[in-house]
Amino acid sequence: MSERKGWIDWARAIGIWLVVFGHLPGGNVAVTNVIYAFHMPLFFFLSGFLLKPKSVLETARFGVSRLLIPYAIFYLITWVWWFFVGFMRHPEIYDHSNFFQEAFVRPFFGMLLGVGYHTDLSTMINIPLWFLVGVFETSIIFSMLCSLKSGALVAASVLFLAVGQYFQSRTGADLLWSVDSSIMALPFYAIGYYCSRAKSLHGVAKVFNARSGPLAFMAMLGFLSVTVAVAMTNGRVDINGMVYGNSPILFYAGGISGILAVICLATVLSRIMEPESIIQVSRGTIVILGLHAAVTGLFLSIMNAFSLHYNLVISATISCLVLMTCLPLIHFVEMKLPILNGRRTSSST
């Protein structure tokens, strides 16, 4: 296992665990604010870090295969699940008097719009899937900027778009298909790409090895402390909902410090151990993203049946159980339906 892949496996696993944890109900507000400060920025950073430069057309083709096709298929799968488990069982929530519109038309527009929230015209069946649309858009935008050929011009353009998007978000206008969220996340994607090009994180991997555990641990605590302080000051942020908190500067600062904290932790863990389960979770993040809401619902039903109350320990445990439950699903998808996982197989990075 290479150093590069090792820490990325752990970073992905940590990130998707935080996604599941952050979506559980009844969580501590302060903890949730810290998680939201960096868990989605982390995935945009990793996507940029793993980017292999292509033309805009090649990037689009690659994104359709690796992102949009899984998006559409998982949306349709969970649409069926939602229809029977959600819509049909809860007429007090969904308007059955407009059956066709509520059960089919609004969810269909939800899939077409590709945003992670409901609108006046649409119902988003599987909210976490917005990320696949978002990172597809971000990759296209960044590929177009890279045609400028100058690193300085690309960086300036990323900054210009990010600043412009912040002011656009202040108008309350909503751009379709997660374009606004994609531009909001563009700086994290670009930073990941240039970190990979500069090989800077390979140097981190050499410093924070198993023999330098205390140093890495201190660095992780330092970056995490910054992230916590920023989250406490800036409040709730959310790329999906175009929420910057109190300050866009603090939003990006919190995201970067949180990413660095995860990198420090992931680098050390990859030197100490890397079980197959972590590698499999890393390869199957799309599967977990697409199905964790349904799997989580099963565990929540069990908790409700026994009248158990939520706390951080229980939520953390449920998050681990959800990932473990998804492992055989990931294996099945890799063996039989790789199209659902962006054509990733057991030999993929």
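Scroll up a little and you will see the structure.
What counts, and at which threshold
Counting of residues starts from 1 at the beginning of each chain's written sequence and follows it residue by residue. With pLDDT at 70 or above as the cut-off, local features in this predicted model cover only qualifying residues; side-chain atom pairs require 80 or more to be listed or tallied, and sums for whole chains, interfaces and linings still use all residues. Excluded from the side-chain calculations are hydrogens and water; all other atoms, namely the structure's heavy atoms, are used. Each helix corresponds to a stretch of at least 4 residues labelled H or I by DSSP, and each strand to a stretch of at least 2 residues labelled E; elements are numbered beginning at the N terminus. Exposure classes here rest on a 1.4 Å probe applied to the protein chains alone. A residue is buried below 20% of its type maximum, exposed above 50%, and partly exposed in between. Only heavy atoms matter for contacts: two residues are in contact if any of them lie within 4.5 Å across the pair. Per-residue accessibility takes into account occlusion by the displayed protein chains alone, with areas from the Shrake-Rupley method and a 1.4 Å probe. In this tally Asp and Glu are treated as negative and Lys and Arg as positive; neither His nor the chain ends contributes. Taken as the charge centre is NZ of Lys, CZ of Arg, CG of Asp or CD of Glu, depending on the residue. Basic side-chain nitrogens of Lys or Arg form a salt bridge, by our definition, when they fall within 4 Å of a carboxyl oxygen of Asp or Glu. Interaxial angle, 0 to 180 degrees, is taken between N-to-C directions of lines fitted to C-alpha atoms, where a helix line uses only the stretch in contact. Note on terminology: angles under 35 degrees are roughly parallel, angles over 145 are roughly antiparallel, angles of 65 to 115 are roughly perpendicular, and the others are oblique. Whether a crossing is left-handed or right-handed is set by the direction in which the near helix is turned from the far one by less than a right angle, anticlockwise for left-handed and clockwise for right-handed. Each residue after the first adds 1.5 Å to the expected span of a helix. The bend at a residue is defined as the angle formed between two axes, one fitted to the seven residues ending at that residue and one fitted to the seven starting there. Whether two aromatic rings pair depends on their centres lying within 6.5 Å, for rings of Phe, Tyr and Trp, where Trp uses its six-membered ring; planes under 30 degrees apart make the pair stacked, over 60 edge-to-face, and the rest tilted.

1. Quick notes on the overall build of the chain
Scanning the chain for helices and strands turns up 13 helices and 0 strands. For the chain, the sequential pattern of α-helices and β-strands runs α-α-α-α-α-α-α-α-α-α-α-α-α. Across the 349 residues that make up the chain, the buried fraction comes to 51%. Across the chain, every contact between residues at least 6 apart in sequence was considered, and the portion connecting residues at least 24 apart equals 75%. Carbon and sulfur atoms provide 70% of the accessible area of the chain, an area that totals close to 16,200 Å². Here the chain holds 21 positive side-chain charges and 14 negative ones, and the gap between their average locations is 13 Å.

2. Details of the side chain of Thr59
The residue Thr59 is located in helix H3 (residues 56-87) in this model. Since its relative accessible area comes to 8%, Thr59 is described here as buried. What Thr59 contacts, discounting residues up to four positions off in sequence, is Lys54, Ser139, Ile140 and Ser143.

3. Some thoughts on the pattern of salt bridges
Side chains bearing opposite charge may pair, as long as their charged atoms lie close to each other. By the definition in use, this model includes 3 salt bridges. For Glu102, the salt bridge is made with Arg106, and the minimal N-O distance between the two is 3.8 Å. In this pair, Glu102 and Arg106 are both assigned in helix H4 (residues 99-113), 4 residues apart and thus about one turn of the helix distant. Ionic pairing is found between Glu276 and Arg283, a salt bridge with its closest N-O pair at 3.7 Å. Shared partners join several salt bridges into a network, and the residues in it are Glu276, Arg283 and Glu334.

4. Observations regarding the packing of helix H5 (residues 130-146) against helix H6 (residues 151-170)
Between H5 and H6, whose axes approach to 9 Å, the crossing angle comes to 140°. Taken together, the axes of H5 and H6 are oblique relative to one another. As H5 packs across H6, the resulting crossing turns out to be right-handed. When H5 is examined against H6, the residues Ile141, Phe142, Leu145 and Cys146 are found in contact with a partner set consisting of Val154, Ser157, Val158 and Leu161.

5. Some remarks on helix H11 (residues 276-283)
In terms of burial, H11 is a largely internal element, 6 of the 8 residues being buried. Taken together, the buried positions of H11 are Ile278, Ile279, Gln280, Val281, Ser282 and Arg283.

6. A closer look at the packing of H6 against helix H7 (residues 179-198)
What describes two packed helices is the angle between their axes and the distance between those same axes. Remark: H6 packs on H7, axes separated minimally by 8 Å, with the N-to-C direction vectors making an angle of 150°. Taken as axis vectors, H6 and H7 run roughly antiparallel relative to one another. The handedness of the crossing between H6 and H7 comes out as left-handed. Every residue of H7 that contacts H6 at Gly151, Val154, Val158, Leu161, Ala162, Gln165 and Gln168 is listed here: Asp180, Ile183, Met184, Leu186, Pro187, Ala190 and Tyr194.

7. Comments concerning helix H12 (residues 285-305)
In this model, H12 (21 residues) spans 29 Å end to end at C-alpha, consistent with the 30 Å of a helix rising 1.5 Å per residue. At Leu291, H12 shows its maximal bend, which comes to roughly 55°.

8. A closer look at the environment of Trp130
If you trace the backbone, Trp130 turns up in helix H5. Residue classification places Trp130 among the buried residues on the basis of a relative accessible area of 5%. For the pair Trp130 and Tyr117, spaced 13 residues apart in the sequence, the C-alpha separation amounts to 8.6 Å. The contacts of Trp130, once residues within four sequence positions are left out, are Met40, Phe44, Gly114, Val115, Gly116, Met124, Ser178, Ser181, Ile239 and Asn240.

9. Quick notes on unusual backbone geometry
Residue Lys149 is not a glycine yet carries a positive backbone phi of 70°. Tracing the sequence through the fold places Lys149 in the loop between H5 and H6. Assessed through its relative accessible area of 75%, Lys149 is described here as exposed. Here Met242, not a glycine, exhibits a phi torsion of approximately 55°, which is positive. Assignment of secondary structure puts Met242 in the loop between helix H9 (213-234) and helix H10 (248-272). We classify Met242 as buried; its relative accessible area is 15%.

10. Details of the packing of aromatic side chains
Inspection of the entire model under this criterion finds 31 aromatic pairs. Between the aromatic rings of Trp82 and Phe87, the centroid separation amounts to 5.4 Å while the plane-to-plane angle is 40°, which identifies the pairing as tilted. Note on Phe100 and Phe104: the rings are 5.6 Å apart at their centroids and 35° apart in plane angle, and the pair reads as tilted. You can see Phe100 and its partner Phe104 sitting in helix H4, 4 residues apart, about one turn around the helix.

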